[in-house]
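Coordinates in review
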Amino acid sequence: MLDIKLIRDKKEFVKSEIAKKGVNPELIDEIDEIDEKRREKLKEVEKLKAEVNKTSSEIAKLKKEGKDTEDKIKAMKEVSDKIKKLDNEIAVIEEEFNKKILWIPNIPNESVPYGKDESSNVEIKHWGEKPVFNFKPKPHWEIAEHLDILDDKRAAKITGARFTLYKGAGALLERALINFMLDVQTKEHGYTEIIPPILVNRDTMTGTGQLPKLEDDMFKVTDPDYFLIPTSEVPLVNIHKDEILKEKDLPLKYTAYTPCFRKEAGSYGKDMKGIVRLHQFNKVELVKFTTFDSSFDELEKLLNDAEVILQKLKLPYRILLLCTGDMSFASAKTYDIEVWHSGTERYWETSSCSNCTDFQARRARIKYRAKDGKSYFVHTLNGSGLATSRLLPAVLENYQTENTEVIVPDVLRPYMGGIDKIVKK
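The structure contained in this document is the topic of the report that follows. (Residues numbered from 1 in each chain as written. Predicted model: local features only at pLDDT ≥ 70, side-chain atom pairs only at ≥ 80, totals over all residues. Heavy atoms only, no water.)

1. Notes on the packing of helix 7 (residues 169-188) against helix 10 (residues 295-313)
Running from N to C, helix 7 and helix 10 cross one another at 125°; their axes reach a closest spacing of 11 Å. As far as their axial angle goes, helix 10 and helix 7 are oblique. Here the hand of the crossing between helix 7 and helix 10 comes out right-handed. Within the contact between the two elements, helix 7 uses L177, F180, M181, V184, Q185 and E188 and helix 10 uses D305, V308, I309, K312 and L313. Classifying every residue of the contact of helix 7 with helix 10 gives 7 nonpolar, 1 polar and 3 charged. (Axes fitted to C-alpha atoms, helices over the stretch in contact; angles between N-to-C directions. Helix = DSSP H or I, 4+ residues; strand = E, 2+ residues; numbered from the N terminus. Parallel < 35°, antiparallel > 145°, perpendicular 65-115°, else oblique. Left-handed = near helix turned anticlockwise from the far one by under 90°. Contact = heavy atoms within 4.5 Å. Nonpolar A, V, L, I, M, F, W, Y, C, P; charged D, E, K, R; others polar.)

What follows is the structure, encoded as structure tokens:
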């Protein structure tokens with residue numbers, strides 16, 4: 001959520017910045033108008049309350065002197081009724097204000113390139129060499145079918161399209177990737193592991209910016225009003241909802257493995273083969289809470305923490321700096337890490353690393369007490385570390401052999417009981 005003071009003081013700037021994210025800038029005019037109406041009502045209430053206080057003192061004085069106070073009590077009652085009426089009007093205005101401002105996205109950082117869509121994203125790094133094969137490499141769904149390690153057809157019987165069963169070595173490889181990533185982040189990078197709830201309430205989803213904008217993309221239950229998480233960023237950020245942290249404890253760094261659930265609304269017909277676009281997928285998430293003046297430095301460190309996973313797996317990747325039109329609603333700056341898939345001969349996003357500045361903290365009411373004694377909103381950062389629905393296919397496609405076996409990357413072998421190759425049984 002944006003600071004209303006920023007809208008008041010720099011309205012035209014805010015309008016131009018949200019327009020870069022494809023949002024109608026006239027929303028800011030509407031919010032400013034509602035805010036002005038609210039402030040006028042509040043001034044009127046304060047003036048009437050001052051009048052009540054003054055009259056109360058006068059009544060007390062008159063009573064002490066044994067004089068009649070009936071007229072003043074009657075007058076004060078009328079003023080109190082006006083205050084009550086105004087309070088009700090303010091409550092209605094504030095409800096309207098809150099509904100409007102929750103649709104305003106975070107402002108892009110000045111270092112973010114302008115663009116309407118992904119075509120304007122900027123490549124900033126390549127790592128690793130794409131594997132060279134003396135045969136035509138297969139896509140991961142053909143490899144998985146041959147090895148009998150993923151089963152979309154039986155998953156569809158259980159639930160529906162865009163789900164899968166991980167079987168045998170496939171399940172072991174998935175678990176190995178998750179445990180490997182958690183070990184790297186906790187043992188080498190200093191993150192605290194969390195196992196959070198995967199059902200969260202509406203306030204929690206609003207706190208990280210999924211609601212109200214993305215409600216149609218979410219899986220939810222109706223009684224109680226809970227949502228299945230689209231990412232563990234949601235519960236991790238809300239760990240400190242309504243808290244004031246200590247500056248000396250920052251940055252706080254959390255990691256979690258959870259299943260994630262997304263409808264992928266509007267994407268049907270795209271990339272239906274394989275597991276790169278599932279309704280349920282597994283992900284290790286990274287979340288940081290930082291001071292306002294260190295968050296962009298911490299973003300670079302977060303990016304590195306996610307990159308290391310691919311480097312250890314020896315999977316080639318590239319990093320994109322997302323343009324204004326391709327960024328998420330809550331982000332001020334985002335890097336995407338895309339891993340190379342040899343079978344489909346394309347890069348697939350396996351991580352987004354974002355600095356949300358104080359946008360989520362304002363919604364979730366998370367502050368920190370600085371050394372100067374003042375309290376400030378924390379800055380929140382998040383990154384996939386990584387999503388296995390893109391990572392496991394990359395391993396299958398980049399480590400495949402001519403006879404459709406898969407060599408297990410060295411770093412994963414301790415997590416797979418020493419298995420060095422996945423073969424057809």
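This is not the end of the story, as more comes after the structure.
2. A short note on the packing of aromatic side chains
Under the counting rule described, the total for this entry stands at 8 aromatic pairs. Among the aromatic residues, those joined into a cluster by ring pairs are F292, Y368 and Y376. The ring of F97 is capped by R38, whose NZ or CZ atom sits 4.3 Å from the centre of that ring. It is K263 that lies over the ring of F219; its NZ or CZ is 6.0 Å from the centre. (Phe/Tyr/Trp six-rings, centres within 6.5 Å; stacked < 30°, edge-to-face > 60°. Lys NZ or Arg CZ within 6 Å of the ring centre and 35° of its normal.)

3. Here we look at the packing of helix 7 against helix 12 (residues 388-398)
Where helix 7 meets helix 12, the closest approach of the two axes is 11 Å, and the angle between their N-to-C directions is 115°. Handedness of the crossing formed by helix 7 with helix 12: right-handed. Only T388, L391, L392, V395 and L396 of helix 12 make contact with helix 7, whose side of the interface consists of G170, L173, E174, L177, I178 and M181. By residue class, the composition of the contact of helix 7 with helix 12 is 8 nonpolar, 2 polar and 1 charged.

4. A word on unusual backbone geometry
Both trends apply: most residues other than glycine have a negative phi, and most peptide bonds are in trans. At the junction of L211 and P212, the peptide bond is cis and its omega measures out at 5° in the coordinates. Looking at where P212 falls in the secondary structure, it is placed in the loop between helix 8 (202-207) and strand 6 (220-221). Going from G385 to L386, the amide bond is cis rather than trans, its omega being 25°. Despite not being glycine, R162 has its phi angle at roughly 70°, a positive value. As for its placement among the helices and strands, R162 is situated in the loop between helix 6 (152-158) and strand 3 (165-166).

5. Re the nonpolar core
Ranked by internal contacts, the top residues of the largest apolar core, which has 48 residues, are L173, L315 and L391. Of all the secondary-structure elements, those providing two or more residues to this core are helix 5 (140-147), helix 7, strand 10 (280-290), helix 10, strand 11 (317-321), strand 12 (333-341), strand 16 (379-387) and helix 12. The dominant element in this core, judged by the number of residues it contributes, is helix 7, at 9 residues. Not counting chain neighbours up to four residues away, the residues in contact with L315 comprise W127, L310, V339, L391, A394, V395, N398 and Y399. Judged by nonpolar contacts, the second largest core, of 18 residues, contains V14, I18, I34 and I93. (Core = buried A, V, L, I, M, F, W, Y, C linked by side-chain atoms within 4.5 Å. Buried < 20%, exposed > 50% of the residue type's maximum accessible area, 1.4 Å probe, protein only.)

6. A short note on the pattern of salt bridges
Within the structure shown, the criterion is met by 35 salt bridges. Between R8 and D35 there is a salt bridge, and its shortest N-O distance comes to 2.7 Å. Note that R8 is positioned in helix 1 (residues 4-9) and D35 in helix 3 (residues 26-64), a separation of 27 residues in sequence. Residue class for D35 comes out buried when judged on its relative accessible area of 1%. Connected via shared salt-bridge partners are K11, E12, K15, D29 and D32. (Salt bridge = Lys/Arg side-chain N within 4 Å of Asp/Glu carboxyl O.)

7. Focus: the sheet that holds strand 9 (residues 252-261)
Pairing in this open sheet of 8 strands is mixed, and the strands run 1-11-12-13-16-10-9-4 from one edge to the other. Here the strands that pair on one side only, and so sit at the sheet edges, are strand 1 (122-127) and strand 4 (192-193). As paired elements, strand 9 and strand 10 share 10 bridges and run antiparallel to each other. Note on strand 10: the bridge partner recorded for A256 is E285. (Pairing = 2+ DSSP bridges.)

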